[in-house]
Structure formats: C-alpha cells, structure tokens
Amino acid sequence: MRTLGLIGGTSWHSTIEYYREINQAVNEHFGNNTNPPLMLYSLNQFAIHAFQREGRWDEIARLISDAAERLEKGGAEGLMFCANTPHKVYETVLTAVNVPIIHICDATSKAIQSKQISKVGLIGTRFTMEESFMVDRFAANGVEAIVPESAAEVTELHRIIQEELTFGNIESRSKSFVHRAIGSLIQRGAEGIVLGCTEFPLMFAAGELQVPTFSTTEIHARAATEFVLAD
C-alpha cells in the first residue's frame with residue numbers, strides 16, 4: 001500500500017470521518033483488520049478561521065504548505081486536504097511538494113457524472129459559495145455547479161458551519177434552514193446536491209434528501225482509498 005498524508009483539523013470532527021472511512025474501506029478490501037499507512041497533520045482551526053476573517057490566505061497557504069512538506073519528508077507518497085475550503089490554496093500548496101494532492105472536486109465530479117448528472121447545487125462555507133475555486137474546478141471537469149443566490153442565505157450557511165457544525169453541534173432550526181436552501185437550489189434546476197463542507201454530511205441521514213446527494217467527505221475518502229491501494 002502507498003502511504004497517504006492527511007492534512008486535517010478543519011475541523012477535527014470531519015477529519016475523524018476521513019480516518020474512519022479510509023480505514024473501513026481498506027479493512028473491507030482485504031477482508032480483515034488490515035489498516036492503511038496514514039499520516040495525519042492536524043491544523044489549528046482557530047488560527048485558520050482568524051486568517052480567513054482577515055483575508056490572509058497567504059498565511060493559510062503557508063501553514064498548509066508547511067504541513068504538506070512535513071508529511072512528504074515523513075514519507076507520504078500522496079496528500080489530501082480533509083476539507084473543502086482549503087482547496088482555495090490548492091495550487092499554491094501543490095508547488096511546495098513533489099507528490100500528488102488528491103483534489104476534492106476531481107473525485108466528486110467523477111461521482112456526479114457516474115449518476116448521469118451535469119448540474120448540481122453546491123453548499124459550503126461562504127468562501128466555497130462566493131468564490132470560484134470550487135465552481136471553476138467542477139466546470140473544468142464538465143459539471144455545472146450553482147450556489148445560493150441570496151447573500152443572507154450564504155451568510156447563514158457559513159454561520160451554521162463555523163459556529164455549530166465545527167463544534168459538533170447539530171441544531172434542528174439550522175437543519176431546517178439548510179433543507180430550505182437545498183430546496184431553492186433544486187427549484188433552480190439542480191439535479192443533485194453537493195454537500196461541499198465536510199461537516200454538512202453529519203447533519204443528514206442516508207437517503208434523507210429527495211435528490212442524489214454527494215458527500216464530499218465520503219467521496220474524497222474513497223479516492224484516498226483508491227490511491228492507497230493502487231499498484
């Protein structure tokens with residue numbers, strides 16, 4: 001198996017899901033309790049959020065690049081960011097290392113297209129929804145991603161993530177709000193919904209939503225498993 005470096009901590013709740021998903025998939029592949037060679041670097045989410053509020057993405061890129069370099073030096077043959085928003089600095093971090101970084105949008109695009117879907121709704125942090133780093137990457141893979149049109153909706157979705165979900169809290173009122181936001185995207189033609197924050201899947205049971213739902217956490221973890229097991 002190939003050694004994979006996980007850059008996590010944003011948040012640690014979703015990082016646990018990555019670790020669980022990858023280990024479980026490898027166990028199932030071998031039919032026993034064989035565990036994959038994983039290395040984890042956990043970022044300080046408090047510092048990351050502070051830099052986000054200040055618009056200091058150069059500092060975020062520096063922190064993630066440092067983590068990537070440390071993992072590579074430790075023997076990682078590939079890397080992944082265990083969250084969506086850090087992919088805003090993907091290209092910068094990629095130049096800091098000599099190993100591949102598994103992009104969350106590339107893996108998710110393949111899953112979307114496997115369902116013969118070409119247009120999806122995308123929800124996540126305000127950076128994911130307001131900026132183009134995710135939408136453009138989906139477009140490059142042949143998938144049209146639409147985001148909420150209302151600034152108030154974007155603000156509230158972001159608040160739910162940062163003030164509730166990253167602390168492991170799921171509020172019924174917030175869950176209802178997310179349901180309504182998803183409904184608006186479906187009304188605008190979304191054939192499926194990308195849960196583009198790795199905490200959103202913690203809110204919903206399997207099959208709870210009425211359209212195909214793409215959990216970036218689960219899909220990204222599957223891509224990680226494929227990397228680890230590849231010859």
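Under an unreviewed UniProt entry, the name given to the protein is Putative amino-acid racemase, and the organism recorded is Mariniblastus fucicola. The UniProt entry for the protein carries this comment under Sequence similarities (unreviewed entry): "Belongs to the aspartate/glutamate racemases family."

With that settled, the discussion passes to the overall build of the protein. For the protein, the count of helices and strands is 10 helices and seven strands. Relative to the 2.2 N^0.38 estimate, which gives 17 Å for 231 residues, the radius of gyration of the protein is 17 Å and therefore close to what a compact globule would have. Taken along its principal axes, the extent of the C-alpha atoms in the protein is 45 × 45 × 35 Å. Burial analysis of the protein (231 residues in total) assigns 52% to the buried set.

Here the focus is the packing of helix H2 (residues 45–54) against helix H3 (residues 57–73). Remark: H2 packs on H3, axes separated minimally by 8 Å, with the N-to-C direction vectors making an angle of 150 degrees. One finds that H2 runs roughly antiparallel with respect to H3. Residues Ile48, Phe51 and Gln52 of H2 pack against Trp57, Glu59, Ile60 and Leu63 of H3. Of the residues in the contact of H2 with H3, the class split is five nonpolar, one polar and one charged.

This brings us to H2. Within H2 the residues assigned to the buried category are Gln45, Ile48, His49, Ala50, Phe51 and Gln52. Contacts from the buried residues of H2 go to H3, helix H6 (126–130) and helix H8 (151–163). The distance from a side-chain oxygen at the start of H2 to the backbone nitrogen of phenylalanine 46 is 3.0 Å, and the residue carrying that oxygen is asparagine 44. Of the residues one or two after H2, glycine 55 is the one with positive phi, at around 70 degrees.

Taking strand neighbours across the sheet as the criterion, the four strands line up as E5-E4-E6-E7 in an open arrangement whose pairing is parallel. Edge positions in the sheet fall to strand E5 (144–146) and strand E7 (213–215), since each of these pairs with one other strand and no more. When strand polarity is set aside, the average angle formed by the axes of neighbouring strands in this sheet is 30 degrees. Pairing geometry for strand E4 (residues 119–123) and E5, over three bridges, is parallel.

Bringing the environment of glutamate 156 into the picture now. With respect to the element layout, glutamate 156 can be found in helix H8. For the pair glutamate 156 and phenylalanine 177, spaced 21 residues apart in sequence, the C-alpha to C-alpha distance is 8.5 Å.

The next subject is the packing of aromatic side chains. Applying the stated criterion across every chain yields a total of two aromatic pairs. On the numbers, 5.1 Å between centres and 80 degrees between planes, the contact of tryptophan 57 with phenylalanine 127 is edge-to-face. Here tryptophan 57 is found in helix H3, whereas its partner phenylalanine 127 is found in helix H6, with 70 residues between them in sequence. There is no split in this pair, since tryptophan 57 and phenylalanine 127 are both buried. Seen from the ring of phenylalanine 227, arginine 2 lies directly overhead, with NZ or CZ sitting 3.8 Å from the centre.

Procedures and definitions
- Within each chain, residue numbers correspond to sequence positions counted from 1 in written order.
- Local features in this predicted model are restricted to residues whose pLDDT is 70 or higher, and side-chain atom pairs enter the listing and the counts only when it is 80 or higher, whereas totals over whole chains, interfaces and linings include all residues.
- In computing side-chain values, all of the structure's heavy atoms are included and hydrogens and water are not.
- UniProt positions are given in the numbering used here, feature names are shortened, and annotations may be inferred rather than shown by experiment.
- Segments assigned H or I by DSSP are reported as helices when at least four residues long, segments assigned E as strands when at least two residues long, and all are numbered from the N terminus.
- Restricting the calculation to C-alpha atoms gives the radius of gyration, and the globule rule supplies 2.2 Å times the number of residues raised to the power 0.38.
- Relative accessibility decides the category of a residue: with a 1.4 Å probe and only protein chains considered, values under 20% of the type maximum give buried, values over 50% give exposed, and everything between is partly exposed.
- To get an axis, a line is fitted to the C-alpha atoms, and for a helix only the part in contact is used. The angle between two axes follows their N-to-C directions and goes from 0 to 180 degrees.
- Angle categories: roughly parallel below 35 degrees, roughly antiparallel above 145, roughly perpendicular from 65 to 115, and oblique for all the rest.
- Residues are treated as being in contact if the distance between any of their heavy atoms lies within 4.5 Å.
- Charged means Asp, Glu, Lys or Arg here, nonpolar means Ala, Val, Leu, Ile, Met, Phe, Trp, Tyr, Cys or Pro, and polar covers whatever is left, Gly included.
- Here a polar contact means two N or O atoms within 3.5 Å. Within protein one must be a hydrogen donor candidate and the other an acceptor candidate, and residues neighboring in sequence count only if both atoms are side-chain atoms.
- The pairing criterion for strands is at least two bridges between them, as found by DSSP.
- Between 30 and 60 degrees the pair is tilted, below 30 it is stacked and above 60 it is edge-to-face, where a pair is any two Phe, Tyr or Trp rings, Trp via its six-membered ring, whose centres lie within 6.5 Å.
- Sitting over a ring, as applied to charges here, requires NZ of Lys or CZ of Arg to be within 6 Å of the ring centre and within 35 degrees of the ring normal.

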